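# Observations on the three-dimensional arrangement
The lines below spell out each chain.
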Amino acid sequence: MSGRKFCVGGNWKMNGDQKSIAEICKVLSDAQLDPNTDVVIGCPAIYLMFARNLLPCSIGVAGQNAYKVAKGAFTGEISPAMLKDVGADWVILGHSERRAIFKESDELIAEKAEHALAEGLKVIACIGETLEEREAGRTNEVVARQMCAYAKKIRDWTNVVVAYEPVWAIGTGKTATPDQAQEVHAFLRQWLTENISKEVSNTLRIQYGGSVTAANAKELAKKPDIDGFLVGGASLKPEFVDIVNARK
Ligand code: PGA
């Protein structure tokens, strides 16, 4: 065992309303969750305070995005300071949907991560290749480029969790096999050793994301370099409890 604490994030994306969120929070509150696993719920910003008040304090709450400065004339944006003010302790940054749909660049995402960390939030820093990139044999190159951008802005990795999410596996039902995921996680570990430090390589948690379900979580969780999951669709369902408990 690596000594890294397992960490499972739920990413609700732009889903839920007060009624359904109250139901999911009840399921999570009543469940027996593995105490050796960190659990974080990425909630739509407008419901963060609502979810925070319903969840036990052992479960962290995350924004799904935040801007790179504390305040100002940025219509429609929210800041890490605001996330903290309503009880969030984490933020998910660089999700592939932010990259692809909202055209966020590696640089902007890294600046957001730098500012969120400076404000005291923990960051789930997402990376991952598209199907086209994978088929062209460019997976390692792409994730290395994304990691490089983060590394230019992040000095202290203590409050960072990296989420490796192959874009072709997100929301498609096409999970990476445990071996495919492990291969990239091992490459990332190697990259960290060569470009950051052995210490960070040993301690930084790397989640896998992309069509994780209760059915495949246990096998994925056995891989030595997979330290948790970032879960989309299945995080809205009771099976999320089984995913959290994949190592139990
Ligand atoms: P999925 O989403 O589990 O629905 O594939 C994962 C994610 O986008 O984080």
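Structure shown above.
Here the structure is a predicted model, which means the values were calculated and not measured. (Residues numbered from 1 in each chain as written. Predicted model: local features only at pLDDT ≥ 70, side-chain atom pairs only at ≥ 80, totals over all residues. Heavy atoms only, no water.)

### A closer look at the site of the ligand
The following threshold applies: In this text, near means that some heavy atom of the residue lies within 4 Å of the molecule or strand in question. Pairing of N or O atoms within 3.5 Å defines a polar contact, subject to two protein rules: one partner must be a possible hydrogen donor and the other a possible acceptor, and residues neighboring in sequence count only if both atoms are side-chain atoms. The accessible surface values rely on the Shrake-Rupley method and a 1.4 Å probe; as for residues, cover is taken only from the protein chains in view. Three residue categories are used. Nonpolar comprises Ala, Val, Leu, Ile, Met, Phe, Trp, Tyr, Cys and Pro, charged comprises Asp, Glu, Lys and Arg, and polar comprises the others, including Gly.
Lys13, His95, Glu165, Gly171 and Ser211 are the nearest of the 13 residues found near the ligand. Within the side chain of Glu165, one N or O atom sits 2.6 Å away from an oxygen atom of the ligand. About the coverage of the ligand: the protein hides 95% of its 290 Å² of free accessible area. Across the shell around the ligand, the residue classes break down as four nonpolar, seven polar and two charged.

### Focus on the state of the cysteines
Formally: Here, a disulfide means two cysteine sulfur atoms that sit within 2.5 Å of each other. Per-residue accessibility, obtained with a 1.4 Å probe over protein chains only, is compared with the maximum for each type, and a residue is labelled buried under 20%, exposed over 50%, and partly exposed between these values.
Counted under the stated rule, the structure contains zero disulfides. Cys25 takes part in no disulfide bond, and the closest cysteine sulfur to it belongs to Cys43, at a distance of 7.1 Å. Judged by its relative accessible area of 1%, Cys25 falls in the buried class. Looking at the unpaired Cys148, the closest cysteine sulfur is the one in Cys126, lying at 18 Å. The partly exposed category is assigned to Cys148, whose relative accessible area is 37%.

### Describing the side chain of Arg52
Put simply, the rule reads: Runs of H or I in DSSP of at least four residues are treated as helices and runs of E of at least two as strands, each being numbered from the N terminus. Lys and Arg are tallied as positive, Asp and Glu as negative. Neither His nor the chain termini are counted. Here, a salt bridge means any Lys or Arg side-chain nitrogen found within 4 Å of an Asp or Glu carboxyl oxygen. The contact definition used throughout considers only heavy atoms, calling two residues in contact when any of these lie within 4.5 Å.
For Arg52, the location among the structural elements is in helix H2 (residues 48-54). It is Asp89 that comes nearest to the buried, bridge-free Arg52 among opposite-charge side chains, at 4.5 Å. A distance of 3.4 Å separates a polar side-chain atom of Arg52 from the backbone oxygen of Leu55. For Arg52, the side chain forms a polar contact with the main-chain oxygen of Pro56, separated by 2.9 Å. Once you skip the residues sitting within four places of it in the chain, Arg52 turns out to touch Cys57, Ile59, Gly60, Val61, Val86, Gly87 and Asp89.

Take it as geometry only, folks, not as evidence of what the structure does.
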